[in-house]
Amino acid sequence: MTVAAPDVGNLVQSVDWIAIAPPTLTAVAALLVLVADLFVPERHKALLGWASAGALTLAALSLLPLVGADRATFCRKSAPEVCSYTADQFTLAVQLLVIGGALVTVLLSITLLSDDADRPGGRVLPDGEYWFLLLSSAAGAALLPAARDLTTLIVALEVASLPAFALVGLKRGDRMSSEAALKFFLSSVTATAVTLMGASFVYATTGSMYLTEIADALADVDGRYATLAQTGVALTLIGFAFKTAAVPFHFWVPDTYVGAPLPVAAFLSVIGKAVGFTGLILVTVIAFPPYADVWGPALAVLAALTMTIGNAAALRQRSASAFSAVRLLAWSSVGQAGYLLVPIAAAAYAQEPQRAVGSTVAYALMYAAVNLGAFAVAALVARTRPLNRLTDYRGLYAERPLTALVLGFFLLCLAGLPPGIIGLFAKVTVFSSVVDAGLGWLAVVMAVNVVIALYYYLRWTALLFQAPERAPEAPEATAAAPDAPAKVPAAVGAATATTVTAPAPSAPAPPSTSPSTSPVAAVPLPIAAAIALTALLSIVLSGAPQLALRFADTVLF
């Protein structure tokens, strides 16, 4: 029997290096930083952080040659239109979000690692490993929106996720960090296993891993395999729903955000969601449109549950509890994930699904800018108030007026209130998508949740401008005999009442101190840059919202 030799020409593929430049530059930078860590002296470790910021800036600039030109690479010789990597408008928008979010995270992390280097007990965060993991996760997240086959899609998802597990648990000797990483890892691995099973069912049904070919095959599935195909579609969505922190895959979020270093929590709140909603859009709109009757209602219910449970849990946060500010941002991000899911669910009922999901991209761009800004301010406050309670923000305007104004602006953007115009318009855009799809009940649920969210966003905003709490003044010493020592309170403002022996009953009481009279430490340059960058972007988007909202009325693929 003669076996035909394989066509070697079909195995040889050209590579468009310009198209793959953004994720490639980020991945190469991760490797270089890890190697450079072996040779950089301890006192110059901060250079690794600035090098990472420079690499991400270069990766962002590499997007410019791709604007306005759809490019594809790793295509099949027999079918040039079937490719594994595509750099279209959708890819560029998400890659800009991912790389920009990673850059802000790097700026926040530079200060974190600098403070860690000065820790009296020694370092708990290794520099080289930290930068390598952060850049590796960003590279995977930048690759995912360009993926056009299930294999590349799932590999990119894992490249983005696996380093994130390590980042959460990277603090040496920190029990909270280890517990958070374990919860994050176990829940994510379970979701990944289910997704891989779903992808295998889809492949068994369609015989292809390319998204466009899957769509064609699902449109004409043999009746014997219909149940298998439906099961594969449902299971494939689970992993991406987990990354968006959609209910019921949300339970890892609060503990993970609290246990992780604050810049890593900011990274997960934005980049993690970008990975999730990007994967959902690609598999639903490109690969699974014939099964819109399966994933459409499922995502609509997930969106309603996610925004409701996220906002309800945010309402329950007690202002004086430890890490209540971080937990509120965590639950807020769950609620925001519900809004991001709404246009994807609406795409199942829309005449042009690829146009409907543009509202998710527009909303995600707004959310990324303002949420990263809120975490940047939280990182600044945590330098002097490490418990990061909501009460720690009371009177922030008296202490740092500009910082309080910026944080108030971020919170109003998330609430969708003026002057946060971009937040208001982004929510209106999402409303329009769901109303046009005929999902009136989901629009009502979203409207109720927007009102609920107003309460906790405005409560936090009001704290910023309230009068700061003053420490209690020492009471006058009680008259006593000349030779009898008197007791007066010591260390005004201490957490517990302690006393010292005064030398004489006539000794004056120590003066009271308050946040408004305490000296204010200078803002570190990297944190100042992160706050300024996110504030500038949020203000520009509020002044010219069409820069983001144009994606809501554009065919992105």
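Structure: above.
If you're wondering where the values come from, they're calculated on a predicted model, not measured in any experiment.

Caption draft 1: Representation of the pairing of strand β2 (residues 83–87) in the model. Buried residues dominate β2, accounting for five of its five residues. Direction of pairing for strand β1 (residues 71–75) relative to β2: antiparallel, over a ladder of four bridges. Across the sheet, residue Thr 73 finds its bridge partner in β2, namely Tyr 85.

Caption draft 2: The arrangement of the pattern of salt bridges in detail. Here the structure, examined in full by the defined rule, presents eleven salt bridges. With a closest N to O distance of 2.5 Å, Lys 183 and Asp 255 form a salt bridge. Taken as a pair, Lys 183 in helix α7 (residues 175–206) and Asp 255 in helix α10 (residues 253–259) lie far apart in primary sequence, 72 residues in all. The exposure class of Asp 255 is partly exposed, given its relative accessible area of 26%. Here Arg 385 makes a salt bridge to Glu 399, at a shortest N to O gap of 2.7 Å. Residue Arg 385 is found in the loop between α15 (358–382) and α16 (396–399), and its partner Glu 399 is found in helix α16; the two are separated by 14 residues along the sequence. Classification of Glu 399 by relative accessible area gives buried; the value is 15%. One salt-bridge network, in which partners are shared between bridges, spans Glu 179, Lys 183, Asp 255 and Arg 327.

Caption draft 3: How the structure looks around helix α2 (residues 21–36). With 16 residues, α2 extends 22 Å between its outermost C-alpha atoms, agreeing within 8% with the 22 Å of an ideal straight helix rising 1.5 Å per residue. Taken residue by residue, α2 has Ala 21, Pro 22, Pro 23, Thr 26, Ala 29, Ala 30 and Val 33 as its buried positions. Buried residues along α2 sit against α3 (46–61), β2, α4 (89–117) and α5 (127–143).

Caption draft 4: Quick look at the state of the cysteines. Using the criterion set out here, one finds one disulfide in the structure. Here Cys 75 pairs with Cys 83 through a disulfide, and the sulfurs are 1.9 Å apart. Judged by the torsion about the S-S bond (95 degrees), the Cys 75/Cys 83 disulfide is right-handed. Here Cys 83 falls in the buried class, since its relative accessible area comes to 8%.

Caption draft 5: Quick peek at unusual backbone geometry. Cis rather than trans, the peptide bond between Val 247 and Pro 248 has omega equal to 10 degrees. Here Pro 248 lies in the loop between α9 (226–243) and α10. The omega torsion across Pro 418 and Pro 419 is 5 degrees, close enough to zero to call that bond cis. With respect to the helices and strands, the residue Pro 419 is situated in the loop between α17 (401–415) and α18 (421–436). Backbone geometry at Ala 245 places phi at a positive 65 degrees, although glycine is not the residue there. You can see Ala 245 is positioned in the loop between α9 and α10.

Caption draft 6: Expanded view of a nonpolar patch on the surface. There is a patch of nonpolar side chains on the surface, built from Leu 162, Leu 182, Phe 185, Leu 186 and Val 189 and spanning about 430 Å² of accessible area. Among the elements that make up the nonpolar patch, the one with the highest residue count is α7 (four residues). Classification of Leu 182 as partly exposed rests on a relative accessible area of 48%.

Caption draft 7: Spatial organisation of the nonpolar core. With 168 residues, the main nonpolar core has Trp 131, Tyr 257, Phe 288, Trp 295, Tyr 393, Leu 407 and Trp 460 as its most contacted residues. When residues in this core are grouped by element, the largest group, 18 residues, is from helix α11 (residues 262–287). Each residue touching Leu 407, except ones within four places of it in the same chain, is listed here: Ala 374, Val 377, Tyr 393, Leu 396, Trp 460 and Leu 464. Counting eight residues, the second-largest nonpolar core is a separate cluster that includes Ala 19, Ile 20, Ala 87 and Leu 92.

Caption draft 8: Quick look at helix α8 (residues 211–218). Inspection of α8 places Leu 211, Ile 214, Ala 215 and Leu 218 among the buried residues, and these make up the whole buried set. Along α8, the residues classed as buried sweep out an arc of 100 degrees about the axis, all on the same side. Of the surrounding secondary structure, the elements contacted by the buried residues of α8 are α6 (150–168), α7, α9 and α11.

Caption draft 9: Geometry of the environment of Leu 167. Within the secondary structure layout, Leu 167 lies in helix α6. Using a relative accessible area of 0% as the deciding quantity, one classes Leu 167 as buried. When the C-alpha positions of Leu 167 and Pro 261 are compared, they lie 8.0 Å apart, and in sequence the two are 94 residues distant.

Caption draft 10: The packing of helix α13 (residues 324–347) against α18, seen in detail. Closest axis-to-axis distance for the α13/α18 pair is 8 Å, and the angle between their directions is 35 degrees. Here α13 runs over α18; the crossing is left-handed. Contacts from Gln 336, Tyr 339, Val 342, Pro 343 and Ala 346 in α13 reach Lys 427, Val 430, Ser 433 and Val 434 in α18. Looking at the contact of α13 with α18, its residues break down into six nonpolar, two polar and one charged.

Caption draft 11: Structural view of the packing of aromatic side chains. Evaluated as defined, the whole model comprises eleven aromatic pairs. Between Phe 165 and Phe 184 the ring centres are 4.9 Å apart and the planes differ by 90 degrees, which places this aromatic pair in the edge-to-face class. Here Phe 184 lies in helix α7 and Phe 165 lies in helix α6, a separation of 19 residues in the sequence. This pair shows no difference in class: Phe 165 is buried, exactly as Phe 184 is. Judged by centre distance (4.6 Å) and plane angle (50 degrees), the rings of Tyr 456 and Tyr 457 are tilted. On the accessibility criterion, Tyr 456 (0% relative accessible area) is buried. Here a set of aromatic residues connected by ring pairs shows up, and it is made of Phe 165, Phe 184, Phe 185, Phe 242 and Trp 252. The ring of Phe 551 has Arg 550 sitting right over it, with the charged end atom 4.4 Å from the ring centre.

Caption draft 12: Main features of the environment of Phe 409. Relative to the helices and strands, Phe 409 is located in helix α17. Separated by 126 residues in the primary sequence, Phe 409 and Ala 535 place their C-alpha atoms 8.4 Å from one another.

Caption draft 13: Molecular detail of the side chain of Thr 111. Structurally, Thr 111 can be placed in helix α4. Once residues lying within four places of it in the same chain are set aside, the contact partners of Thr 111 are Arg 383, Pro 524, Pro 526 and Ile 527.

Caption draft 14: Geometry of the packing of α13 against helix α19 (residues 440–465). With their axes 11 Å apart at the nearest point, α13 and α19 run at an angle of 160 degrees to one another. Comparing their axes, α19 and α13 come out roughly antiparallel. Crossing of α13 against α19: the hand is left-handed. Taking contact as the criterion, the partners of Ala 325, Leu 328, Leu 329, Ser 332, Gln 336, Tyr 339 and Val 342 in α13 are, on α19, Leu 442, Met 446, Asn 449, Val 450, Ala 453, Tyr 456, Tyr 457, Arg 459 and Trp 460. In terms of residue class, the contact of α13 with α19 is built from twelve nonpolar, three polar and one charged.

Conventions used here
Residue numbers run consecutively from 1 along every chain, following the written order of its sequence. Whole-chain, interface and lining totals are the exception, using all residues; otherwise, since this is a predicted model, local features are given only for residues with pLDDT of at least 70 and side-chain atom pairs are given and counted only at 80 or more. As a convention, hydrogens and water are excluded, and side-chain values are obtained from all of the structure's heavy atoms. Here the term buried applies to any residue with accessible area under 20% of the maximum for its type, exposed to any over 50%, and partly exposed to those in between, with areas from a 1.4 Å probe on protein chains only. Numbered from the N terminus, helices here are DSSP runs of H or I no shorter than four residues, and strands are runs of E no shorter than two. Only when DSSP finds a minimum of two bridges between them are two strands counted as paired. Throughout this description, the term salt bridge denotes a Lys or Arg side-chain nitrogen within 4 Å of a carboxyl oxygen of Asp or Glu. The span one expects for a helix is its residue count, reduced by one, times 1.5 Å. Whether two residues touch is decided by their heavy atoms; if any such pair falls within 4.5 Å, the residues are in contact. Put simply, a disulfide is two cysteine sulfurs that come within 2.5 Å. What makes a patch is a set of residues exposed beyond 30% relative accessible area and free of salt bridges, joined within 9 Å when like-charged and within 5 Å when nonpolar (Val, Leu, Ile, Met, Phe, Trp, Tyr). Per-residue and other accessible areas follow the Shrake-Rupley method at a 1.4 Å probe size, with only the shown protein chains counted as cover for residues. Only buried residues count toward a nonpolar core. Its members are Ala, Val, Leu, Ile, Met, Phe, Trp, Tyr and Cys residues joined through side-chain atoms within 4.5 Å. Taking the helix axis as origin, the arc is that swept by the directions to the C-beta atoms. Lines fitted to C-alpha atoms define the axes, with helix axes restricted to the stretch in contact, and inter-axis angles between N-to-C directions lie between 0 and 180 degrees. Each helix crossing is assigned a hand: it is left-handed if the near helix lies turned anticlockwise from the far helix by less than a right angle, otherwise right-handed if that turn is clockwise. All residues other than Ala, Val, Leu, Ile, Met, Phe, Trp, Tyr, Cys, Pro, Asp, Glu, Lys and Arg, Gly among them, are scored as polar; the first ten of these are nonpolar and the last four charged. Centres within 6.5 Å are what make two rings of Phe, Tyr or Trp a pair, Trp counting through its six-membered ring; a difference in plane orientation under 30 degrees is then read as stacked, over 60 as edge-to-face, and the rest as tilted. Each ring is checked for a lysine NZ or an arginine CZ that lies within 6 Å of its centre and within 35 degrees of its normal; such an atom marks a charge sitting over the ring. In this scheme, roughly parallel covers angles under 35 degrees and roughly antiparallel covers those over 145, while 65 to 115 is roughly perpendicular and the rest are oblique.

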